[in-house]
Amino acid sequence: MRTLVAILRFSRLKFLAGGLLGVALGTLVARYEHYRFDLGAFLIAQCTVTVFQLMTHYSNDFFDQECDERSMRTPFSGGSGVIQSRELTPILAGRLALGAASLGLLATIFVALHASALATALATAIGILSWSYSAPPPRLLARGLGELTTALVVAVLVPLFAYAMQTNTIDTRAILSTMPAACAMFVMMLCVEIPDRAADDASGKVNLLVRFGLQSTRRMIEVCLVGIFAAAGLASVLGAPATFGYFALGAVPIAVSLWRTLKRPIVADAAIAARGVLLFAATVACGVLGYAAAAV
C-alpha cells in the first residue's frame, strides 16, 4: 500500500488536468466548426496524452534526481520527492518511466492504425519531445529549451492532436486558439523554476532562469502576461468565437495577482509557483468555456 501511495505521488496527478483541458479545447474547437463529435477519437486522444504526461512526470523525476535532492520543494515544483525520501527506488522509478513510454508508443501505433497521418505525426511529436524534455542526450530542460518545449507540447500540440483526431486536419482557428495557453504555459514554466533556481544552478541545469537571471525572467513573465490576452483578442478577431475572448478575461485577476507578487522586493517562491500554475489552468479553462458557450 505504501508503494501504491508513493506511485500516486510520483504520478503528480494534479498536473494531468492540463492534458484534460487541452484535449477538451481541441475537441470543442472541432465541435464549434460543426464536426461530428467522435467519442472514440476523443478517448484515444485523451488516453494517449495522459500516458505521455505520466511518462514525462516519471522520467523527469528519474533524470532530475541530483537537482531535486537540492531543491526547495513546493506543491508545484521540485519534483514529487518520492525518490529522495526513499519511498520509491530509482530502479522502480526508471522502470515506470520506461513502462509509460512503452504504453505511449503502443497508443501512437493505435492512432496510426485508426486515425489520420496528421494525428499520428502529432502524437509522435508529443512523445518524442516529452521524453527529450528530461532524458539525455537532448535533455532540453538543461539547455534553455525546456520552457518552450513544454509550452509547445502541452499548450499547442495536445489541443491540435485532439482537434486532428476529430477532423483529420488543422486550420488557422485551431492554431490561434492555442496561443493564449501557450503564453500562459511559458509563464508557468518560468514561475515553477523560481523556487529551484539555486538547485538548478548548482547541478548545472541551465534553464532560462539560470541563463538570464531573476530580473530578466520577471520581464519575460510580464511580457507573456500581456501576450495571453493579446493572443485571445487576436484569435477572436481572426476566427475564434467572441466568447473565447470574453471568457479569457476571467484569467485577468490571477495574472494581476502574479504580476503584483513578482513586484514584491522579497521573492515569494511558493506563491509565484502556485500562481503560475493557476494562471495556466485558468487560461485553458477559460478557452474551453469560451468554445463550449459558442458551441451550444
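Now for a description of the structure that goes with this document. (Residues numbered from 1 in each chain as written. Predicted model: local features only at pLDDT ≥ 70, side-chain atom pairs only at ≥ 80, totals over all residues. Heavy atoms only, no water.)

1. Examining the overall build of the chain
The cut-off we apply is this: Under the DSSP-based scheme used, a helix requires at least four consecutive residues in state H or I and a strand at least two consecutive residues in state E, with every element numbered from the N terminus. For the radius of gyration, the atoms used are the C-alpha atoms, and the globule rule reads 2.2 Å times the number of residues raised to 0.38. Contacts are assigned to residue pairs with any non-hydrogen atoms lying within 4.5 Å of each other. Every accessible area reported is derived by Shrake-Rupley at a probe size of 1.4 Å, with residue values counting cover from the shown protein chains alone. Just so you know, the count uses Lys and Arg for positive and Asp and Glu for negative, and it drops His and the chain ends. Just so you know, the charge point we use is NZ for Lys, CZ for Arg, CG for Asp and CD for Glu.
From N to C terminus, the chain includes 15 helices and 0 strands. For 296 residues, the compact-globule estimate of 2.2 N^0.38 gives 19 Å, and the C-alpha radius of gyration of the chain, at 19 Å, lies within 12% of that figure. For the C-alpha atoms alone, the extent of the chain along its principal axes is close to 50 × 45 × 35 Å. Contacts spanning at least 24 positions in sequence make up 77% of the contacts within the chain whose residues lie at least 6 apart. Counting every atom, the chain has about 12900 Å² of accessible surface; 69% of that belongs to carbon and sulfur. In the chain, the 22 positive side-chain charges and the 16 negative ones have mean positions that sit 3 Å from each other.

2. Some remarks on a nonpolar patch on the surface
For clarity, the cut-off: Patch construction takes residues with relative accessible area above 30% that form no salt bridge. Like charges are linked within 9 Å, and nonpolar side chains (Val, Leu, Ile, Met, Phe, Trp, Tyr) are linked within 5 Å. A pair is scored as a salt bridge if a Lys or Arg side-chain nitrogen falls within 4 Å of a carboxyl oxygen belonging to Asp or Glu.
Taken together, the side chains of M1, L4, V5, L8 and L13 present a nonpolar region at the surface, about 510 Å² in accessible area. Looking at the element boundaries, L4 is found in helix 1 (residues 2-11).

3. Topic: the packing of aromatic side chains
For the record, the criterion: Aromatic rings from Phe, Tyr and Trp, taking only the six-membered ring of Trp, are treated as a pair when their centres fall within 6.5 Å; an angle between ring planes under 30 degrees marks them as stacked, one over 60 as edge-to-face, and anything in between as tilted. Only protein chains enter the accessibility calculation, which uses a 1.4 Å probe; a residue is then buried when its area is under 20% of its type maximum, exposed when over 50%, and partly exposed in between.
Taken as a whole and assessed by the stated rule, the structure comprises 6 aromatic pairs. With a centroid separation of 5.0 Å and an interplanar angle of 80 degrees, the aromatic rings of F62 and F63 are classed as edge-to-face. Accessibility expressed as a relative area gives 26% for F63, which makes it partly exposed. For the pair F63 and W131, a centre-to-centre distance of 5.9 Å together with 90 degrees between the ring planes defines the contact as edge-to-face. Note that F63 is positioned in helix 3 (residues 39-63) and W131 in helix 6 (residues 117-134), a separation of 68 residues in sequence. Of the residues examined, W131 reaches a relative accessible area of 25% and is grouped as partly exposed. Members of the aromatic cluster, joined through ring pairs, are Y32, F244 and Y291.

4. Overview of the layout of surface pockets
Note the threshold: A cavity here means a set of 1 Å grid points, computed over protein atoms only, where a 1.4 Å probe fits but cannot escape. A pocket is an open set with protein on both sides within 12 Å along at least 5 of 7 lines, and lining residues have an atom within 4 Å of a point. Grid points are joined across faces, edges and corners, and a volume is the space filled by probe spheres set on the points. Under this grouping Gly is polar, as are all residues other than the nonpolar Ala, Val, Leu, Ile, Met, Phe, Trp, Tyr, Cys and Pro and the charged Asp, Glu, Lys and Arg.
Here the largest pocket is characterised by a volume of approximately 900 Å³. Lining the largest pocket are 47 residues, with R12, F15, H57, M188 and M189 positioned closest to its centre. If you list the elements that add at least two residues to the lining of the largest pocket, you get helix 2 (16-32), helix 3, helix 4 (65-70), helix 6, helix 7 (146-167), helix 9 (179-193) and helix 15 (269-295). With 6 residues, the top contributor of residues to the lining of the largest pocket is helix 3. When its residues are assigned to classes, the lining of the largest pocket shows 22 nonpolar, 15 polar and 10 charged.

5. Section: the environment of I44
Mapping I44 onto the fold places it in helix 3. I44 sits 71 residues away from A115 along the chain, and the two C-alpha atoms are 9.7 Å apart. Discounting residues that sit within four places of it in the chain, I44 has contacts with F110, V111 and M165.

6. Observations regarding the nonpolar core
A general tendency of soluble globular proteins is for nonpolar side chains to be buried together. Rule in force here: Each nonpolar core is a collection of buried residues, namely Ala, Val, Leu, Ile, Met, Phe, Trp, Tyr and Cys, held together in the definition by side-chain atoms within 4.5 Å.
Of all hydrophobic cores here, the largest spans 83 residues; its most connected members are F161, V187, I221, L225, L258, L279 and F280. Discounting residues that sit within four places of it in the chain, L258 has contacts with V187, C191, I221, L225, I272, R275 and L279.

7. Section: the environment of V226
As for its position among the elements, V226 is in helix 12 (residues 214-237). Each C-alpha atom, one on V226 and one on F62, is 35 Å from the other, the two residues being 164 residues apart in sequence.

8. Concerning the pattern of salt bridges
Scanning the entire structure with this criterion turns up 8 salt bridges. A salt bridge links E87 to R9; the nearest nitrogen and oxygen atoms lie 2.5 Å apart. Of this pair, E87 sits in the loop between helix 4 and helix 5 (90-114) while R9 sits in helix 1, and the two are 78 residues apart along the sequence. Given a relative accessible area of 38%, R9 falls into the partly exposed group. Residue K205 pairs with D200 through a salt bridge whose shortest N-O separation is 3.7 Å. Grouping residues by exposure puts K205 and D200 together as buried.

9. Some points on the packing of helix 5 against helix 6
Cut-off, in case you're wondering: Fitted lines through C-alpha atoms give the axes, limited to the stretch in contact for helices. The angle between two N-to-C directions lies from 0 to 180 degrees. Roughly parallel refers to an angle under 35 degrees, roughly antiparallel to one over 145, roughly perpendicular to one between 65 and 115, and oblique to any angle outside these ranges. Left-handed describes a crossing whose near helix is turned anticlockwise from the far helix by less than a right angle; the clockwise case is right-handed.
It is at 8 Å that the axes of helix 5 and helix 6 come closest, and there the two elements cross at 165 degrees. Considering their axes alone, helix 5 and helix 6 lie roughly antiparallel with respect to each other. Every pair of crossing elements has a handedness; the one defined by helix 5 and helix 6 is left-handed. Residue-level inspection shows A97, L98, A101, T108, V111 and A112 of helix 5 in contact with helix 6, the latter providing A119, T120, A123, T124 and W131. When the residues that make up the contact of helix 5 with helix 6 are grouped by side-chain class, the tally is 8 nonpolar, 3 polar and no charged.

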